[in-house]
Amino acid sequence: MPLSPSSSAQSARETIAKRLKYLQQDAGLTGHDLALRTGFSESKVSRIAGAKTPPSADDIQRWCAACGAEGEAADLVAAGRAADEMYVQWKRLHRTGMKHAQDAILPSFENSRHIRMYCSNVMPGMVQRRQYARALMGTITAFQNTPNDVEAAVESRLQRDRYLHQGNCTFAFVLEETVLYYPLGDDEAMADQLHHLMDIMALPRVSLGVIPFRAPRTMWPLEAFYMFDDRQVDAELLTAIVRITTPGEVVAYSKAFRILSGMAVHGGKARTLIEQAIHALG
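Here the structure is a predicted model, which is why all the values come from computation and not from measurement.

Parameters and conventions
- Residues numbered from 1 in each chain as written.
- Predicted model: local features only at pLDDT ≥ 70, side-chain atom pairs only at ≥ 80, totals over all residues.
- Heavy atoms only, no water.
- Helix = DSSP H or I, 4+ residues; strand = E, 2+ residues; numbered from the N terminus.
- Buried < 20%, exposed > 50% of the residue type's maximum accessible area, 1.4 Å probe, protein only.
- Contact = heavy atoms within 4.5 Å.
- Core = buried A, V, L, I, M, F, W, Y, C linked by side-chain atoms within 4.5 Å.
- Lys, Arg positive; Asp, Glu negative; His and termini not counted.
- Salt bridge = Lys/Arg side-chain N within 4 Å of Asp/Glu carboxyl O.
- Pairing = 2+ DSSP bridges.
- 1 Å grid on protein atoms, 1.4 Å probe; cavity = no way out; pocket = protein on both sides within 12 Å on 5 of 7 lines; lining within 4 Å.
- Points joined across faces, edges and corners; volume = space filled by probe spheres on them.
- Nonpolar A, V, L, I, M, F, W, Y, C, P; charged D, E, K, R; others polar.

A.B. asks: How would you summarise the overall build of the chain if you had to cite specific residues and measurements?
C.D. replies: Each helix and strand counted, the chain has 13 helices and eight strands in total. Considered along the principal axes of its C-alpha atoms, the chain spans approximately 70 × 40 × 35 Å. The buried share among the 282 residues of the chain stands at 47%. For the chain, long-range pairs separated by at least 24 residues make up 76% of all intrachain contacts whose partners lie at least 6 apart in sequence.

A.B. asks: Hey, could you go over the nonpolar core for me, with residue numbers and the actual values?
C.D. replies: The biggest cluster of nonpolar side chains holds 39 residues, and the ones touching the most others in it are Met123, Met126, Leu164, Phe171, Phe173, Leu180 and Ile274. Elements represented by at least two residues in this core include exactly helix H8 (106-110), strand E2 (114-119), helix H9 (130-144), strand E3 (170-176), helix H11 (187-201), strand E4 (206-211), strand E5 (225-228) and helix H13 (267-280). If one sorts the elements of this core by residue count, H11 sits on top with six residues. Leave out the neighbours within four places in its chain, and Ile274 touches Leu180, Leu194, Leu197, Met198, Met201 and Leu208. One finds Ala172, Phe225, Val250 and Met263 within the second-largest nonpolar core, a separate group that totals 21 residues.

A.B. asks: How would you sum up the side chain of Arg160? Please name residues and give values.
C.D. replies: Relative to the helices and strands, Arg160 resides in the loop between helix H10 (150-158) and E3. Glu236 provides the closest opposite charge to the buried, unpaired Arg160, separated from it by 6.7 Å. Setting aside residues up to four positions removed in sequence, Arg160 forms contacts with Gln102, Ile105, Leu106, Phe109, Gly125 and Met126.

A.B. asks: Got a sec to walk through the pairing of strand E7 (residues 240-244)? Specific residues and values, please.
C.D. replies: Summarising burial for E7: four of the five residues are buried, a large majority. Bridge count for strand E6 (residues 232-236) against E7 is four bridges, and the pairing is antiparallel. Opposite Glu236, over in E7, you have Ile241 as the bridge partner. Hairpin connection, E6 to E7: the antiparallel pair is bridged by three residues.

A.B. asks: Quick one: what's the story with empty space enclosed by the protein, residue by residue and with numbers?
C.D. replies: Under the counting rule described, the total for this entry stands at two cavities of 30 Å³ or more. In this structure, the second largest cavity spans a volume of roughly 40 Å³. As for the second largest cavity, its lining consists of Arg13, Ile16, Ala17, Leu20, Ile48, Ala51, Thr53, Pro54 and Pro55. Residue composition of the lining of the second largest cavity, by class: seven nonpolar, one polar and one charged.

Encoded structure:
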């Protein structure tokens, strides 16, 4: 089965729904009974029990009270908030602009010893150059229709570069070759970005691999994801970022990264692919 970046959040929500359903069963209540006691419609009771509608804190408290299980409410409310934090919509994250989100991720970099990044669509944020980052962030802001603070967000993103040069953290980047060709910005911006990528490769704590177009696929292309040690994975979807901390799922992403890295070329062969992309700019 394909890796699903949203599986952690959905699994957590399903667990909450099951616990609420068990409370209902233990209380001997039908859906109709529960609807009368909570003031919910029967369809809402069904949607919550079926994990179709995430319950609010108030919904959980009313459900537990109706089942005579008020003592269960606090834990379930906390679990619900944790599930919500796993899956955060970009529009919510960027509601005041992109800079806040750029600043918020810095502790993850500061508290890690080994960071792995797989990118199938754009350059990893921490190796992006100014013109490339500006073009990308401008496109994202326009698509999401969120406040435009692109210049401030770009400045924040560029600050991540310092982690490549200071501290003891090691970095492993794996890019699909397509990333070298997707034009973000003009040819000058792309050339600057690709030359910078080659500079990054020379750093002592950096490994950079490129998966060639025609490499035999032993792992299908995935959404971009970042791994911070073996404790956390941030997977990027079109509409949301999913933060994964469930050990079993982190292990799955670690395995995926290992396979993807094995498909990639490194060193001189990777440099040759980057040079070919530069020459293709004309």
